[in-house]
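Report on the structure
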Amino acid sequence: MSQFPIIDTDVLVIGAGGAGLRAAIEASALGSKVAVITKSLLGKAHTVMAEGGMAAAMGNVDDRDNWRVHFADTMRGGQYLNNWRMAELHAKEAPARVQELEGWGAVFDRTKDGRILQRNFGGHRYPRLAHVGDRTGLELIRTLQDHGVHQGLDVYMEHTVVGLLTDSGRVSGAVAYDRERGRFKVFHCKAIVIATGGLGRAFKISSNSWEYTGDGYALAYDAGAALQDLEFIQFHPTGMVWPPSVKGILVTEGVRGEGGVLKNKDGRRFMFDDIPDNYKNQTAKDEEEGWRYTQGDKTANRPPELLTRDHVARCINREVKAGRGSPHGGVFLDIAWIKDKLPNAGDHIKRKLPSMYHQFKQLANLDITTTPMEVGPTTHYTMGGIRVNGDTQMSTLPGLFAAGEAAAGLHGANRLGGNSLSDLIVFGKRAGEFAANFAKEHGAASIDDRQVDAAAAKALAPFERGSSGENPYAVQRDLQDMMQELVGIVRQESEMRDAQERLKALRVRAEKAGIDGNREYNNGWHTAIDLHNLLTVSEAIAMAAAERKESRGAHFREDYPNKSDEFAAFNFVIQKGATGEMTMQRVPIPEMPAELKQVVEENK
Amino acid sequence: MLTFRLWRGQSGQGQFQDYKTDAGEGMVVLDAVHAIQAEQAPDLACRWNCKAGKCGSCSAEINGQPKLMCMTRIDALPMDKPITVEPMRTFPHIRDLVTDVSWNFEQKKRIKPLKPRKPDAADGTWRMQQEDIDRVQEFRKCIECYLCQDVCHVLRDHHKHEEFIGPRFLVHAAALEMHPLDTEDRVEELKDAFGIGYCNITKCCTKVCPEHITITDNAIIPLKERVVDRFYDPISRLLRVFKS
């Protein structure tokens, strides 16, 4: 018998953001007993920070839109490394998932004829993002939370999972502790859904919350599941750059969707200077056409500010490095200029972008209705993650599922804005459904007490070392500085090799991390536990980034600035080797069926 | 160097302790707390999450005022004397700056969820006009920081946690009651189980709301009117007598 209390359930969902809650709702609706574990309080997950909207080809604003165009946009944005089956399911199912939220209480902005309004976003051919001003993520999470609590989910708030348990090659449970008191619990279950989001806290400048320490990736990896595409980290082009303490906080792409433009210090709209070939016939010829596009003119093409995030981020980086940036090391994002075009522009901006108005007013003392913002790239999203089956979301470890940012595949080498929230609800639902089915078809596996004891002992080790050990905050800070500098937006071989060496040294320091005090709500202890996860994912990123000797999507190599056909044919898949070392292999991408190839062709 | 006077202690026991740290340009109170954690007090307990004013986790009382630590700029506070940071006092204390807010999650479960009318169109979709949802969208801006609950004297001073659900959940009830699709009725619970009568509209909740929701005027007063219309209006009372 385990020395800790055991909680029996059918499906265990780790993470209570959009994907986790949607999975839990689905599994519960199918009759499974469901437990949800979340590191923070319910409703606080990183999903709340999503701003612009969720992409779904409903065609409410432009009836030329349909799943085929959405699919083609997603594949083009992902540079064809995507799991095409996921991209297909996502494009087909997103409209129904968004509509369903309305019946659960979500209140989206409306079109004049009373339907769900949709807005323009980077890389989407037509206005496609259902939204609520610039707080769409909050609307999503609150809707799911309020719907879920009436469905009888058992929610374990402020709990952290420290290890997954396996039995004869499948998952059997997880060990967690409550952050409030530091007491361990064993969750005994038939299937697990990992919905823990991403890893942005491995970098210094990040739009991500503290929770984003790569826990789900590391838990899955340590349990034997495969990861893929970890070299693809999205740097969102527009994060705040000033004041220093808010550096990295997101400035929604919605600003550009509503007509905001990027300028360098000379006032030049530099995005017109570099338009990639595969987007040339979809991009506005001049500023006037770009403006008409943002105002709903169906004959106009999008302004270059709405090119994909990887490209916009690199252009901003280039302007700053060439000395044409703003005073605090960014460029200017100007929405105030629309007063030349619209009456009552100030009120219009406040209504369309209330959080942005608020955020700049309060944190930077700047009025975005009169003054341009300063923005620069910030670590935002992980395209890679746990390798899953496109239909079921099951990982390579039986019984272990993943959804949302924790899973890889949908976004390929670069994610389009708005495809994340829709990802959460489409694949959250699928993961919940297939996890519930798995739980029904398979009985409970058994808990191995040795695994439980080992996980708990490892978690408690920082207390044994006490304050004479390494300060966990210092190790975390040094890791973030190093990753930002060496594995950031522009990469090269020598830096990546250097990073791999430094990660070894940081690993040694992390294993000596110590903490004083007791187990009750001890943030230093929590940070010491996070280090293993952060280091594991950083090692995987550096390994894959060093080996992908080309530039594609979010992965840009200064020493290999072009795309290479050789690297278009496979994903890098990372797994724990027999002796505990990290191994990587090239796994070919299956050929796209003829029907989907045709969809791509007809939308070129 | 600035002095931060932080509450340290456990389960209600504790005292202020002073820490000195630098205040960089544009820094917010949460930055200072993090700096103290990283350099001086690694086990300092503090709840936070997004650090962008969107999740409502880092609620505290700063110089005695209920605020989000992540949205309170240090240069907006008097810097010639110590800046005090203490946990929300209306809820049970856990440790240092962290309180147990689970009572709030229990209250929400008591409020009946949305019961939408039948879809308006054959494809299962609804039609709503923007002007009909503006008010509901205002309420749905709520980030559940519970600062309104913290400052509400019915809860804070009179401890009516059994009888009164507090401003946050009156806003939640209002968002449902005024939702154009909703067909549920919550008026009786508002009067009895949720204790709306305890609110005597001092508007303290409205003043502290970081999302600037006009809690009292737009949510609570209209709900009070619905209760009055239903239960205290003499004509409808008379009609009810005849009906029964």
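Since we're looking at a predicted model, the values are computed, not measured.

Here's the deal with the sheet that holds strand 10 (residues 184-188) of chain A
Residues and elements named next belong to chain A. Read from one edge to the other, the open sheet built from four strands follows the order 1-10-9-8, with strand pairing classed as mixed. Of all the strands in the sheet, just strand 1 (6-8) and strand 8 (159-167) have a single pairing partner and so form its edges. Direction aside, the axes of adjacent strands within the sheet are offset by 25 degrees on average. The pairing of strand 9 (residues 170-178) with strand 10 spans five bridges and is antiparallel. Within strand 10, the position partnered with Ala174 by the bridge is Phe187.

What about the sheet that holds strand 4 (residues 54-55) of chain A?
All names here are of chain A. Spatial strand order, 4-6-5: three strands in an open sheet with antiparallel pairing. Of all the strands in the sheet, just strand 4 and strand 5 (118-119) have a single pairing partner and so form its edges. Bridge count for strand 5 against strand 6 (residues 129-130) is two bridges, and the pairing is antiparallel. Across the sheet, Gln118 pairs through a bridge with Ala130, a residue of strand 6.

Brief notes about the interface of chain A and chain B
Chain A puts 49 residues into the contact, and the matching count from chain B is 50 residues. The set of elements that each furnish at least two residues to the side of chain A that touches chain B consists of helix 3 (84-103), helix 4 (136-149), helix 10 (354-364) and helix 15 (523-547) of chain A. Residue contributions to the side of chain A that touches chain B peak at six residues, all from helix 4 of chain A.

Describing the domain arrangement of chain B
Residue and element names in this part refer to chain B. The domains assigned to chain B are domain 1 (2-99) and domain 2 (102-236). Relative to domain 2, the C-alpha centre of domain 1 lies at a distance of 30 Å. Here the side of domain 1 that touches domain 2 is built from residues that sort into six nonpolar, four polar and two charged.

A word on the packing of helix 1 (residues 18-29) of chain A against helix 11 (residues 419-441) of chain A
Residue and element names in this part refer to chain A. Where helix 1 contacts helix 11, the two axes come as close as 7 Å, and the packing angle between them is 35 degrees. Considering how the two elements wind past one another, helix 1 and helix 11 form a crossing that is right-handed. Contacts from Gly18, Ala19, Arg22, Ala23, Ala24, Ile25, Glu26 and Ala27 of helix 1 reach helix 11 at Leu421, Leu424, Ile425, Phe427, Gly428, Lys429, Ala431, Gly432, Glu433, Ala435 and Ala436. Classifying every residue of the contact of helix 1 with helix 11 gives twelve nonpolar, three polar and four charged.

Side note on the domain arrangement of chain A
It is common to report an interface's size as the accessible area lost on association of the parts. Residue and element names in this part refer to chain A. For chain A, the assigned domains read domain 1 (242-379) and domain 2 (459-569). Distance between the C-alpha centres of domain 1 and domain 2: 31 Å. Taken together, the contact between domain 1 and domain 2 spans five residues of the former and five residues of the latter. Here the side of domain 1 that touches domain 2 takes four residues from helix 8 (residues 309-321), the largest share from any one element. Looking at the side of domain 1 that touches domain 2 residue by residue, the class counts come to two nonpolar, one polar and two charged.

So, how was this worked out
- Here the residue numbers are simple positions, counted from 1 along each chain's written sequence.
- Here every chain gets a letter starting at A, and every ligand a number starting at 1, in the order they are written.
- Local features in this predicted model are restricted to residues of pLDDT 70 or higher, and side-chain atom pairs are both shown and tallied only at a pLDDT of 80 or more, whereas totals for entire chains, interfaces and linings draw on every residue.
- One requirement defines pairing of two strands: DSSP has to find at least two bridges between them.
- The helix count covers DSSP runs of H or I at least four residues long, the strand count covers runs of E at least two residues long, and both are numbered beginning at the N terminus.
- For every element, the axis is a line fit to its C-alpha atoms; helices are fit only across the contacting stretch, and the angle between N-to-C directions ranges from 0 to 180 degrees.
- With C-beta atoms placed from the backbone, a contact is any residue pair whose C-beta atoms sit within 7 Å.
- These domain limits were set by an automatic method or by a database of domain assignments.
- Under the grouping applied here, Gly and all other residues not named as nonpolar or charged are polar, the nonpolar ones being Ala, Val, Leu, Ile, Met, Phe, Trp, Tyr, Cys and Pro and the charged ones Asp, Glu, Lys and Arg.
- Throughout, a crossing is termed right-handed when the near helix is turned clockwise from the far one, and left-handed when it is turned anticlockwise from it by less than a right angle.

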